[in-house]
Amino acid sequence: MGFNPNHPSYNYRAKTWILTRLLPLVESNYHLIELAPKGTGKSFVYENINNKVSVISGGKITPAKLFIDGKTKSVGLLGRYDVVVLDEIQSLTFDNPDEIIGPLKTYLANGSYNRSGFSDIPISSDCSLVLLGNIELDEYQRPKDTYNLMAKLPKFFSETAFLDRFAGVLPGWEIPKFQRDMIANQIGLKMDFFGEALLSLRKDGSFYQYAQQHTQFDHHTTIRDQQAILKTASGFLKLLYPHLQLTLQDYQRDCLEPARELRQQIRNLLYNLDDEFKQSEKDIYVDIK
């Protein structure tokens, strides 16, 4: 990924969250939010890893750009790329937000969308959606608004039905700011080859099956929580244990616990923003089996 793994600032958690940025490549329809201060390299990997990844930074987002262009009938970004990254989401402007959020929620839920009046047949896609946003930290390097991490973003990002469709929030505030001596100086793979290798792992279902077989949830865990955690755990398996040679303790430490923690960030937001979610437990409990 271009980072020096031996740098003292890259502890176990920081490395885990940096690797999390690759999950949208190895898992199809994997939707992720990363919130971090400036300078942590949020968009660097996405901009350089593969031409099947599209990064949109700032500016205006229209339904035509995302879904389908009514004038030309051309398919939008979500139908043409494997990963679409919306960078600097705090500065994005949305042309007709209502025309975007409805189809987008449908897409995030089932992998297809239909723009009313422009397409008779729903367009299916394996595209993963990544939202990257800057967040303000306090003197302890923690988010200032822990109650609602999305507070400074466009309003519809705080809609719980929208947030619930994301696999997790990556706590980018735990990734150190990038410095020159953090650049990798070891032998590595060419970025375009590396990107193709990652994307090819999408087709292998054995990792998700492993996660299903070795993960147990308590009865409070919602179906969306379960699906998000299993998909995230599957992605970590692909990155860290591509031959599936690991112990259950390896799986719990390196795959399942980070997956639970990423989804817990979503769960916290839902719990804080909507009383409906207070009817169930706030904390997600998951274990190996």
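Described below are features of the structure shown in this document. Because the structure is predicted, anything quoted here is derived from the model rather than measured.

## A look at the nonpolar core
Line of reasoning, step 1. Within the largest apolar cluster, 46 residues are counted, with the highest numbers of intra-cluster contacts made by Leu25, Tyr46, Ile49, Leu198, Leu237 and Tyr251.
Line of reasoning, step 2. If you tally residues by element for this core, the top one is helix 10 (residues 223-240), at seven residues.
Line of reasoning, step 3. Filtering out sequence-adjacent residues up to four positions away, Leu25 remains in contact with Tyr46, Ile49, Val53, Val83, Gly195, Leu198, Leu199 and Arg202.
Line of reasoning, step 4. Among the nonpolar cores identified, the runner-up in size contains 40 residues, and Leu66, Leu86, Tyr113 and Ile123 belong to it.

## Here's the deal with the layout of surface pockets
Line of reasoning, step 1. When its volume is computed, the largest pocket comes out at roughly 710 Å³.
Line of reasoning, step 2. Counting residues per element, the ones that place at least two in the lining of the largest pocket are helix 1 (12-20), helix 8 (191-200) and helix 10.
Line of reasoning, step 3. Among the elements that make up the lining of the largest pocket, the one with the highest residue count is helix 1 (five residues).
Line of reasoning, step 4. Here the lining of the largest pocket is composed, by residue class, of 19 nonpolar, five polar and three charged.
Line of reasoning, step 5. In this structure, the second largest pocket occupies an estimated 360 Å³ of space.
Line of reasoning, step 6. Along the wall of the second largest pocket there are 18 residues; nearest its centre are Asn29, Leu108, Arg165, Gln227 and Lys231.
Line of reasoning, step 7. Every element with two or more residues in the lining of the second largest pocket is listed here: helix 6 (97-110) and helix 10.

## Description of the packing of helix 1 against helix 11 (residues 248-273)
Line of reasoning, step 1. Running from N to C, helix 1 and helix 11 point in directions that differ by 75 degrees, and their axes come no closer than 11 Å. As the angle between them shows, helix 1 and helix 11 are arranged roughly perpendicular. Mapping the contact onto sequence places Tyr12, Arg13, Thr16, Trp17 and Thr20 in helix 1 and Arg253, Asp254, Pro258, Glu261 and Leu262 in helix 11.

## Observations regarding empty space enclosed by the protein
Line of reasoning, step 1. Applying the stated rule across the entire model yields one cavity of 30 Å³ or more.
Line of reasoning, step 2. Within this model, the largest cavity holds a volume of roughly 50 Å³.
Line of reasoning, step 3. Lining of the largest cavity is provided by Asp218, His220, Thr221, Thr222, Asp225, Arg267, Glu281, Asp283, Ile284 and Tyr285.
Line of reasoning, step 4. Looking at side-chain class alone, the lining of the largest cavity contains two nonpolar, three polar and five charged residues.

Criteria and cut-off values
Residues numbered from 1 in each chain as written. Predicted model: local features only at pLDDT ≥ 70, side-chain atom pairs only at ≥ 80, totals over all residues. Heavy atoms only, no water. Core = buried A, V, L, I, M, F, W, Y, C linked by side-chain atoms within 4.5 Å. Buried < 20%, exposed > 50% of the residue type's maximum accessible area, 1.4 Å probe, protein only. Helix = DSSP H or I, 4+ residues; strand = E, 2+ residues; numbered from the N terminus. Contact = heavy atoms within 4.5 Å. 1 Å grid on protein atoms, 1.4 Å probe; cavity = no way out; pocket = protein on both sides within 12 Å on 5 of 7 lines; lining within 4 Å. Points joined across faces, edges and corners; volume = space filled by probe spheres on them. Nonpolar A, V, L, I, M, F, W, Y, C, P; charged D, E, K, R; others polar. Axes fitted to C-alpha atoms, helices over the stretch in contact; angles between N-to-C directions. Parallel < 35°, antiparallel > 145°, perpendicular 65-115°, else oblique.

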